[in-house]
Amino acid sequence: AAKQRGKAGYVRFLPGMAEPVLAHMRLGGELRRALDQDELEVVYQPIVALDTGRVVGVESLVRWNHPERGLVMPGDFIPAAERTGLIADLGRFVLDRTCRQLAAWLAEFGPAAPGHAGVNVSARQLHDPGFVAHVLATLDGHGLTSDRLVLELTESAVLRGSQVSRTLHDLDQAGVRLALDDFGTGESSLSLLRAFPTAIVKLDKSFVDGIEIDDADAAARDARQAVARAVVQLAGALGLEAVAEGIESEAQAEQLRALGYCFGQGYHLSRPLSATALTTLLSSRQRALTGG
Ligand code: C2E
Ligand code: MG
Ligand code: MG
Ligand code: MG
């Protein structure tokens, strides 16, 4: 980056160029601190059976409780974590925290616990030849079998590369399931299905938005319904599970059920919850079931 020492020893920045670099460096440093000082938190969004409302699984989503800026969402720091390489440590943190929490829920709630946890994974992690061994060691360290973990990947994370193919193949062989996140938004969603051992497709929220509207924009609604139907049928034909993302109303849930979706996720079903809040929810469900 273009920076020069001024006469008085100040670092001078060229307008419009160096400032983002500075912001980027600062963010990197702060992220390092966040990891070291336990400012990161994992929240869990229920993945729900659309017929019974049962919490079949959770997706882990990272949050940063910044001492000055307050709650920072992943969209505002995951890209920086990827660029600086801190995503490796961040990813290990999220995986470990998630496995520890899932093991605790399974111990406390047995069959009423979420059956699996989904963890989002970035491209850089898949390029690490030690990734699979690390994942399996983490599961093992928490007494979890590999079927308890789903790794969520986006198209950009997968792309090409023989190390990535090997990683994904080895994970599949070990029994860790792979989910294609934001499905339908990429340019080559279909060829990816063939290129790596997918178990789950997650229909992107953009195909769920407006899927239920009755009058306003009928053509757009019909197009979204067509995509949603095609994805669930494709999943069925290939023996994959389909999960609809970003469900914000009962009308949407109903439409997705009608199209053949068994599983969904979204604010209407539950917001992402802290571990404590989800524990409370699971407890109250269990009490309701046992009549206690
Ligand atoms: P994603 O994996 O597609 O996660 C779903 C996002 O949609 C989450 O945003 C979730 O809070 C949000 N969401 C869920 N239901 C609804 C809904 O009904 N309406 C709306 N408007 N939004 C909904 P979040 O937590 O901000 O995460 C954004 C993205 O950041 C994630 O998208 C994922 O790609 C990435 N991410 C989150 N945690 C991690 C992580 O630990 N590691 C990595 N590598 N990426 C992560
Ligand atoms: Mg995801
Ligand atoms: Mg998604
Ligand atoms: Mg997304």
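Where an unreviewed UniProt entry is consulted, the protein chain appears under the name Diguanylate cyclase (GGDEF)-like protein, with the organism given as Pseudosporangium ferrugineum.

1. Let's talk about the coordination of the magnesium ion (ligand 2)
Only E59 (OE), N120 (OD1), E152 (OE) and D181 (OD) from the protein reach the magnesium ion (ligand 2) as donors, at distances of 2.0 to 2.2 Å. Here the donor residues of the magnesium ion (ligand 2) are spaced in sequence according to E-x60-N-x31-E-x28-D. The metal-metal distance between the magnesium ion (ligand 2) and the magnesium ion (ligand 3) comes to 3.9 Å, with D181 coordinating both. Here the residue N120 occupies a position in strand 6 (residues 116–120), and D181 occupies one in strand 8 (residues 177–183), the gap between them amounting to 61 residues. Judged by relative accessible area, which is 30%, N120 ranks as partly exposed. We classify D181 as buried; its relative accessible area is 8%.

2. Concerning the site of ligand 1
Near ligand 1 lie 23 residues; those nearest to it are R63, N120, D181, E248 and Y267. The contact in question runs from a nitrogen atom of ligand 1 to an N or O atom on the side chain of E248, over 2.5 Å. Protein contacts shield 80% of the accessible area of ligand 1, which totals 810 Å² for the unbound molecule. Listed by contribution, the elements that provide at least two residues to the shell around ligand 1 are strand 4 (55–66), helix 3 (87–109) and strand 8.

3. With respect to the coordination of the magnesium ion (ligand 3)
For the magnesium ion (ligand 3), the protein coordination sphere consists of D181 (OD), D182 (OD), E245 (OE) and E245 (OE), at 2.1 to 2.6 Å. In primary-sequence terms, the residues that donate to the magnesium ion (ligand 3) follow D-D-x62-E.

4. Regarding the side chain of S122
Within the fold, S122 resides in the loop between strand 6 and helix 4 (123–126). Among the polar contacts made by the side chain of S122, one reaches the side chain of E82 at a distance of 2.7 Å. Every residue in contact with S122, bar those within four places of it in the chain, is listed here: I78, E82, I87 and A157.

5. What about the packing of helix 3 against helix 11 (residues 275–290)?
Where helix 3 contacts helix 11, the axes come no closer than 11 Å and their chain directions differ by 20 degrees. Here helix 3 lies roughly parallel to helix 11, going by the angle between them. The interaxial crossing formed by helix 3 with helix 11 has right-handed handedness. Only A275, L278, T279, L282, S283 and Q286 of helix 11 make contact with helix 3, whose side of the interface consists of Q101, W105, E108 and F109.

Rules used throughout
- Residues numbered from 1 in each chain as written.
- Chains lettered and ligands numbered in written order.
- Predicted model: local features only at pLDDT ≥ 70, side-chain atom pairs only at ≥ 80, totals over all residues.
- Heavy atoms only, no water.
- Donors = N, O, S within 2.8 Å, 3.2 Å for Na, K, Ca; no water.
- Helix = DSSP H or I, 4+ residues; strand = E, 2+ residues; numbered from the N terminus.
- Buried < 20%, exposed > 50% of the residue type's maximum accessible area, 1.4 Å probe, protein only.
- Near = heavy atom within 4 Å.
- Polar contact = N/O pair within 3.5 Å; in protein donor to acceptor, adjacent residues only side chain to side chain.
- Areas by Shrake-Rupley, 256 points an atom, 1.4 Å probe, with all protein chains shown as cover.
- Contact = heavy atoms within 4.5 Å.
- Axes fitted to C-alpha atoms, helices over the stretch in contact; angles between N-to-C directions.
- Parallel < 35°, antiparallel > 145°, perpendicular 65-115°, else oblique.
- Left-handed = near helix turned anticlockwise from the far one by under 90°.

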